[in-house]
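# Results of the structural survey
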Amino acid sequence: MPLVTKILLVYLPSTISIVGTGLRLSASRAFGTIVAAGIVAGTPGLGSQMFLAESSANYVRTFSYVVVMGIVGTSVYAIFSAIERKFVVWRVTV
Amino acid sequence: MKSFLGTFLWRLWFPCLIIFLWQVALAHSHNPFFPPPSKIFDDVGFVVTPHWIGTSVKSSLYVLTAGYLIGSAMGILFGAIIGSSRMLIDVTTPIANFIRSIPSAAKVPVMMAILGIGTATRVCAISVAVLFPVLMATMRSVAATDQHLLELGHLMEYGRFRSLVLIRVPAATGDILTGLHAAVQVALLVMVVSEMLGSGVGIGAFVVRSQNSFMISDMWVGIFVIGVIGILLNEIFVFAERKFAPWYFHSKGVM
């Protein structure tokens, strides 16, 4: 079997389950980073809006942004778990 | 197994190559925001003074250590308690998943809203951020203890508490160490964010201050120091994992 075929048909498929886990974890991390960038550097988005609310002592709004972030974060995680379950049928994810 | 020095040198050649290429690419650049490494190294002597280490680095490390220790101790404690009861797992999992999904950087403004700006805020934000990865790792591993071990404990007439302390937690050492290892990165991130948000002390505050006053090489030195702290902490954990749970990391094939 030539090396290219071996990579495409053996090596890559055998990594799918671990790559899936990596994608799921990095999606959560990407969301975390964009929120951190918003809080520290003011990039438009949930993070900067939340920090704006905190700086203007609007704590009710601060906490409502936290709840929204929780919902978005959970959804990102759920979407990637679903994709993973669809492609990695032979492995039960916790 | 290669000698320690050999491994160290072997790992070093690639970073050196990257720095060399960076130097070659930017040697004649006049972009003030992306200086070549030589300029940054020239600046190290001016930034990393005993006074700087005594104030910024010490403050950062103090907050990091305190937050990390509090958070991981609480994580292991609660994780062990929750993990040993099916009912507690079912009750707490939705809440824990929700709080875990909130980015850890977002916990800093929340803590600032509750506690104001100060050392307590930074310590609390770090410990809350560290709590969840450690708690989840401990809880899952304690809940999945080998049934044979538990039956053995049952034979020896261990109660709930003794089987938790003597069987479930020791059996989970490997997973707990993995959780603790993963939590270091989170702790560093939250440390830097909390220092950047108006605390005025620590390496994160130094980085932002340098950036705002166009001392770009100073900013890069600060970033490198944060990176070095991260590498050192990582090495400590790799060492601890080999030392305390060799069976676990051997079986995973990561050694």
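Located above this text is the structure these notes cover.
A brief look at the structure comes next. (Residues numbered from 1 in each chain as written. Chains lettered and ligands numbered in written order. Predicted model: local features only at pLDDT ≥ 70, side-chain atom pairs only at ≥ 80, totals over all residues. Heavy atoms only, no water.)

The next thing to look at is the packing of aromatic side chains. When we look at a pair of aromatic rings, we describe it by the centre distance and by the angle of the planes. Residue and element names in this part refer to chain B. Counted under the stated rule, the structure contains nine aromatic pairs over all chains. On the basis of an interplanar angle of 35° and a centroid distance of 5.6 Å, the ring pair of Phe 34 and Trp 220 is categorised as tilted. With Phe 34 in the loop between α1 (4-26) and α2 (37-47) and Trp 220 in helix α11 (residues 216-244), the pair connects residues that are 186 residues apart, well separated along the chain. Among the residues examined, Phe 34 registers a relative accessible area of 36% and is labelled partly exposed. With 6.4 Å between their ring centres and 40° between their planes, Trp 220 and Phe 224 make a pair best called tilted. On the criterion of helical spacing, the pair formed by Trp 220 and Phe 224 is a turn pair, its members being four residues apart in helix α11. Judged by relative accessible area, Phe 224 falls into the partly exposed class, the value being 35%. (Phe/Tyr/Trp six-rings, centres within 6.5 Å; stacked < 30°, edge-to-face > 60°. Helix = DSSP H or I, 4+ residues; strand = E, 2+ residues; numbered from the N terminus. Buried < 20%, exposed > 50% of the residue type's maximum accessible area, 1.4 Å probe, protein only.)

Residues and elements named next belong to chain B. We note that Glu 157 has phi near 55°; this positive angle belongs to a residue other than glycine. Examined against the element boundaries, Glu 157 turns out to sit in the loop between α7 (147-155) and α8 (160-171). Looking at Glu 157, the relative accessible area reads 71%, which means it is exposed. Phi is positive for Phe 214, close to 60°, though the residue is something other than glycine. Mapping Phe 214 onto the fold places it in the loop between α10 (203-212) and α11. For Phe 214, a relative accessible area of 60% corresponds to the exposed category.

Residue and element names in this part refer to chain A. Taken together, the side chains of Met 1, Leu 3, Val 4, Ile 7, Leu 8, Leu 9, Val 10, Tyr 11 and Leu 12 make up a nonpolar region of the molecular surface, amounting to roughly 930 Å² of accessible area. Along the polypeptide, Leu 3 turns up in helix α1 (residues 3-41). Given the relative accessible area of 56%, Leu 3 is considered exposed. (Patch = residues over 30% accessible without salt bridge, like charges linked within 9 Å, V, L, I, M, F, W, Y side chains within 5 Å. Areas by Shrake-Rupley, 256 points an atom, 1.4 Å probe, with all protein chains shown as cover. Salt bridge = Lys/Arg side-chain N within 4 Å of Asp/Glu carboxyl O.)

Looking now at the interface of chain A and chain B. Chain A puts 21 residues into the contact, and the matching count from chain B is 17 residues. Contact between chain A and chain B buries roughly 1600 Å² in total, counting both sides, with carbon and sulfur atoms accounting for 80%. There are zero salt bridges connecting chain A and chain B. Secondary structure elements with two or more residues in the side of chain A that touches chain B: α1, α2 (46-55) and α3 (59-87) of chain A. A total of ten residues in the side of chain A that touches chain B trace back to one element, the largest contributor, which is α3 of chain A. Of the residues that constitute the side of chain A that touches chain B, the class distribution is 15 nonpolar, four polar and two charged. (Contact = heavy atoms within 4.5 Å. Buried area = accessible area lost by both parts, 1.4 Å probe. Nonpolar A, V, L, I, M, F, W, Y, C, P; charged D, E, K, R; others polar.)

By themselves these figures say nothing about function.
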